[in-house]
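Listed below, chain by chain, are the residues.
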Amino acid sequence: MQRAAARVLRGARTPQVLNSSVRTPPVRTPPVRSPPVRARSAPADTAPLGLLYERHGEPAAVVQLKDLEEPKLGDCDVHVKMLAAPINPADINMIQGTYPLLSPLPAVGGNEGVGEVLEVGRRVAALKPGDWVIPADAGLGDSIIQNAANSGVGQAVIQIARASGIKSINVVRNRPDLPKLVERLMALGADHVITEEMLRKPEMKDIFKSIPRPKLALNCVGGKSTTEMLRHLQPKGTMVTYGGMAKQPVMVPVSAFIFRDVRLRGFWMTQWRKEHAQDQESVAAMMEALCQLIRRGQLTAPACTELPLQHYRAALQDCMKPFVSSKQILLL
Ligand SMILES: NC(=O)c1ccc[n+]([C@@H]2O[C@H](COP(=O)([O-])OP(=O)(O)OC[C@H]3O[C@@H](n4cnc5c(N)ncnc54)[C@H](OP(=O)(O)O)[C@@H]3O)[C@@H](O)[C@H]2O)c1
């Protein structure tokens, strides 16, 4: 997306304070890594471009790079030029038309990214041209278990768990370069990295000799992986489903409900934000806690492949291939 309205943005004065909310004063600590983009804004007088889709379908087939009409700047609006934007699974599902939240067509793809403020309306005081912004709408126990552990979310979980002193058991799909992936996730702070097949093996017991069984399982996959993961939860443990990458239902043995009283919950960030819209204090506190981890170098972004916007078709195809382990980031 090339331009966006002010109210959906969190402001930042410089890349160093990129994730600071406009409500909390920016903390001027040194950046923990360099800014996520190499390209800065295009000249302000060039026509805005956007990845537009007019119907739902296969992303590489229905998405087209098109000139966008420049919206008129209202008094409370902010014109933002997006600098870089990742392609996430939810973006793909929105283009395919299978996501529970769909934009009216024609729509511009993408929900996350970093942008630069080009112009602000007369009544906007919190932001000024040159600021960098990101979209605003962008009792755990001793151990956790999660699948799709090498996803962007999974890697964040590994790092947050490590920083919180929680042991993590991380399930990934088997692949030709498994040892390399295991090494990478261990270096991020994973305590155990295992394959979906390993979940079914008796050797799993060995893991629980040194760490307690988890109270929390995070499920991003569905299908068999989920059923097997659930077996390792503590009695009365909770499994939170936040993704369904295998596109298969969650199957739970009856015995898990009756004899181990497991609890199943869902989580959707969009809904969580709506429910916490009146509770900006705790949202800001959570963002601040995450920013602290980033500043201390304890929370880093997943590996990325940066591509110019014109290569969007290749990026859309690559992000749907298995074992890519790199976020496709379009530079706008
Ligand atoms: N509920 C929410 O609020 C919320 C918020 C953000 C994200 N999500 C969801 O979280 C998930 C991860 O998002 P992300 O941005 O972190 O994704 P990502 O970095 O693109 O990673 C996708 C992951 O899915 C795995 N995967 C793909 N197909 C699979 C299959 N058939 N079986 C098992 N694993 C499979 C990939 O594993 P390989 O490396 O083996 O290919 C990879 O680990 C997505 O489902 C997304 O929709 C939910």
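Since the model is a prediction, treat every value here as computed from it, not as a measurement.

Let us look at the overall build of the chain. When helices and strands are counted, the chain shows 10 helices and 15 strands. Looking at the chain as a whole, 30% of its 332 residues qualify as buried.

A few words on the site of the ligand. Around the ligand, 23 residues are found, and the nearest of them are Ser151, Gly152, Tyr242, Gly243 and Met269. Here the residues of the shell around the ligand sort into 15 nonpolar, 6 polar and 2 charged. Both domain 1 (6-138 + 301-331) and domain 2 (143-267) contribute no fewer than three residues apiece to the shell around the ligand.

Quick look at the environment of Thr227 now. Structurally, Thr227 is set in helix α6 (residues 223-230). Along the primary structure Thr227 and Val250 are separated by 23 residues, whereas in three dimensions their C-alpha atoms are 7.0 Å apart. Those residues in contact with Thr227, other than ones at most four positions away along the chain, are Met251, Val252 and Pro253.

This paragraph deals with the pairing of strand β6 (residues 114-120). Looking at chain direction, strand β4 (residues 78-86) and β6 are connected through 6 bridges and run antiparallel. In the strand pairing of β6, Val80 is matched with Val117. As defined by bridge partners, β6 adjoins strand β7 (residues 132-135) across 2 bridges and the pair is classed as antiparallel. Residue pairing across strands places Gly115 opposite Val133, the latter belonging to β7.

Our next topic: the nonpolar core. The biggest cluster of nonpolar side chains holds 27 residues, and the ones touching the most others in it are Ala149, Ile158, Leu185 and Ala217. Mapped by element, the contributors of at least two residues to this core are β8 (143-146), α3 (152-163), β9 (167-172), α4 (178-188), β10 (192-195), β11 (216-219) and α6. Those residues within four positions of Ala217 in sequence are excluded, and the remaining contacts are Ile145, Gln146, Met229, Leu230, Leu233, Gly237 and Met239. Counting residues in each nonpolar core, the second largest holds 24 residues, with Val80, Val114, Val120 and Leu127 among its members.

Right, let's talk about α4 for a bit. Leu181, Leu185 and Leu188 are the residues of α4 that are buried. In an axial view of α4, the angular spread of the buried residues amounts to 50°, which keeps them on one side of the axis. Seen from the open side of α4, the exposed residues pointing more than 90 degrees away from its buried face are Pro179, Lys180 and Ala187. The inward-facing, buried residues of α4 contact α3, β9 and β10. Gly189, located one to two residues past α4, shows a positive phi value of around 130°.

Note that Gly50 resides in strand β2 (residues 49-53). Owing to 22 C-beta atoms within 10 Å, Gly50 belongs among the buried residues under this scheme. A sequence separation of 13 residues divides Gly50 from Val63, and the C-alpha atoms of the two residues are 9.7 Å apart.

So, on to the pairing of β2. Pairing geometry for β2 and strand β3 (residues 63-67), over 5 bridges, is antiparallel. What sits directly across from Leu51, in β3, is Leu65.

Turning to the sheet that holds strand β5 (residues 107-108), a few remarks are in order. An order of β3-β2-β5 is seen for the 3 strands of this open sheet, with the pairing classed as antiparallel. Two strands bound the open sheet, and with one partner strand each, they are β3 and β5. Where β2 meets β5, 2 bridges bridge the pair, whose relative direction is antiparallel. Opposite Tyr53, over in β5, you have Ala107 as the bridge partner.

The next subject is the sheet that holds β10. A sheet is described by the order of its strands in space; here 6 strands give the open sequence β10-β9-β8-β11-β12-β13, paired in parallel fashion. Taken across any chain shown, the strands that pair with only one partner, and hence form the sheet edges, are β10 and β13 (263-266). Across the sheet, the mean angle separating the axes of adjacent strands is 20° when strand polarity is ignored. Looking at chain direction, β9 and β10 are connected through 4 bridges and run parallel.

Put simply, the chain has an average pLDDT of 83, and 84% of its residues get 70 or more. Scored below 50 in pLDDT, residues 1-43 makes 100 contacts in the model with residues more than four places away or belonging to other chains.

The end-to-end C-alpha distance of α3, which contains 12 residues, comes to 17 Å, matching closely the 16 Å that a straight helix rising 1.5 Å per residue would cover. Turning to α3, the residues buried within the fold contact β8, β9, α4 and β11. Gly165 sits one or two residues past α3 and shows a positive phi near 75°.

Reading the values: rules and limits
Residues numbered from 1 in each chain as written. Predicted model: local features only at pLDDT ≥ 70, side-chain atom pairs only at ≥ 80, totals over all residues. Helix = DSSP H or I, 4+ residues; strand = E, 2+ residues; numbered from the N terminus. Buried ≥ 20, exposed ≤ 12 C-beta atoms within 10 Å, placed from the backbone. Near = placed C-beta within 6 Å. Nonpolar A, V, L, I, M, F, W, Y, C, P; charged D, E, K, R; others polar. Domains from an automatic or database assignment. Contact = placed C-beta atoms within 7 Å. Pairing = 2+ DSSP bridges. Core = buried A, V, L, I, M, F, W, Y, C linked by C-beta atoms within 7 Å. Arc of directions from axis to C-beta. Axes fitted to C-alpha atoms, helices over the stretch in contact; angles between N-to-C directions. pLDDT = per-residue confidence, 0-100. Expected span 1.5 Å × (residues − 1).

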